[in-house]
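# Coordinates in review
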Amino acid sequence: MPNPTHRPDRTRQGELPFTGPATFFKAPYLPLDESWEADVGILGIPYDFGVGFRPGARFAPNAVREASGRYPIGPEGYFDPTTEDFRLAGVRVVDAGDVDPAQLEYAESFRRITEAARTLRRRVRLPVFVGGDHSVTYPLLKAYDDVPELHVLQLDAHLDFSDHRNSTRYSNSSPFRRAAEDLPNLAHVTVVGLRGLRTNPEAYRAARARGHRLILARQVHEDLPWVLRTLPQGRPLYVSVDVDVLDPSVAPGTGSPEVEGLRYGEVAKLLEAAVRDNRLVGLDLVEVAPNLDPTGLTALTAARLLAEVLCYWWG
Ligand code: MN
Ligand code: MN
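### Structural notes on the pairing of strand E5 (residues 124-131)
Within E5, seven of the eight residues are buried, leaving the element largely enclosed by the surrounding structure. Note that strand E1 (residues 38-45) and E5 share seven bridges and pair parallel. Along E5, the bridge assignment pairs leucine 43 with phenylalanine 129. Sheet topology note: the E5/strand E10 (residues 279-286) ladder contains three bridges and is parallel. Note that in E10 the partner of valine 130 across the bridge is leucine 285.

### Structural notes on the confidence of the model for the protein chain
Within the protein chain, residue pLDDT values average 95, and 96% of them lie at 70 or more. In this model residues 1-5 is a low-confidence stretch, pLDDT under 50, and it forms six contacts with partners more than four residues away in sequence or in other chains.

### A few points about the sheet that holds strand E8 (residues 213-216)
Judged by pairing direction, the sheet is parallel, and its eight strands sit side by side in the order E4-E1-E5-E10-E9-E6-E7-E8 without closing on themselves. With partners counted over all chains shown, the strands left at the sheet margins are strand E4 (93-98) and E8, one partner each. Adjacent strand axes in the sheet meet at a mean angle of 15°, parallel and antiparallel pairs treated alike. Contacting E1, E4 and E5, helix H1 (residues 60-68) crosses the sheet at an angle of about 150° to E4.

### A few points about the coordination of the manganese ion (ligand 2)
The protein atoms that coordinate the manganese ion (ligand 2) are Asp156 (OD), His158 (ND1), Asp242 (OD), Asp244 (OD) and Asp244 (OD), at distances of 2.1 to 2.5 Å. Sequence positions of the donors to the manganese ion (ligand 2) reduce to the motif D-x1-H-x83-D-x1-D. Between the two metal centres, the manganese ion (ligand 2) and the manganese ion (ligand 1), the spacing is 3.2 Å, with aspartate 156 acting as a shared donor. Of this pair, aspartate 156 sits in the loop between strand E6 (150-155) and helix H4 (175-182) while aspartate 242 is found in strand E9 (residues 236-242), placing the two residues 86 residues apart along the sequence. Across the pair, aspartate 242 and aspartate 156 agree in class, each one buried.

Thresholds, definitions, all that
- Residues numbered from 1 in each chain as written.
- Chains lettered and ligands numbered in written order.
- Predicted model: local features only at pLDDT ≥ 70, side-chain atom pairs only at ≥ 80, totals over all residues.
- Heavy atoms only, no water.
- Buried < 20%, exposed > 50% of the residue type's maximum accessible area, 1.4 Å probe, protein only.
- Helix = DSSP H or I, 4+ residues; strand = E, 2+ residues; numbered from the N terminus.
- Pairing = 2+ DSSP bridges.
- pLDDT = per-residue confidence, 0-100.
- Contact = heavy atoms within 4.5 Å.
- Axes fitted to C-alpha atoms, helices over the stretch in contact; angles between N-to-C directions.
- Donors = N, O, S within 2.8 Å, 3.2 Å for Na, K, Ca; no water.

Here it is in structure tokens:
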């Protein structure tokens, strides 16, 4: 087996999906405090202290690492039978390890997340973050405060724009509210996949008043081409994927599942268009809860989706 320089022997794992130690897509593990460069760096954020319902997303980074052993990115990339060509050939991917949360000290945890994200941005062209619950997107977006006119695409069953919930302002119901308040460079948010009976009317009106584009799951089901045309174009774009945007039939392992979700193919098409038509500056995937995922399908789906986004980005 060829051994390109970015895949040193000391970090090489076996060929079978389940041989370890597990890293994202069997990429080499290189800690953030070492100096290295790569095309893609994937950072785990095992923080789920912002969950209001069923916890478990703290276990997601390692579950996605394990599942992604099914999709190792070798030097030749993936063979795509639709184009009879290789995707991701030559891409250098690194597993940058995990942020160490300060558990209940949310401010310190968020500070560490922002700092790690800033460091990762200096090392790679595309930083990828695996949460964690959705509260982590607020400190992640803080690491992009130097990007003018930043646009965000949030794929989610829920708005996550509540001012507060259960006396906290930093839960997984509020990351985009906090980001909108604190980050003057955050120009616009597009949310796709909204549904359910729990929408907070104050949050909904506040997001609308700020000009956010709110697209329901039903609109995706009824007219995906129209939704694709409404996505941002030609922008610096940060994409935040809450795995609960997917229908629970393909992603049951999450804290707050909602029926009538998006199909995998719909989410893939949204991501393909968003990545193709914008300059992707970062991506997170949050809310996988492995303890609620007895078949492992959610982690496998999440790993596959991440691999697919990398393919769209690499071209
Ligand atoms: Mn969310
Ligand atoms: Mn959600």
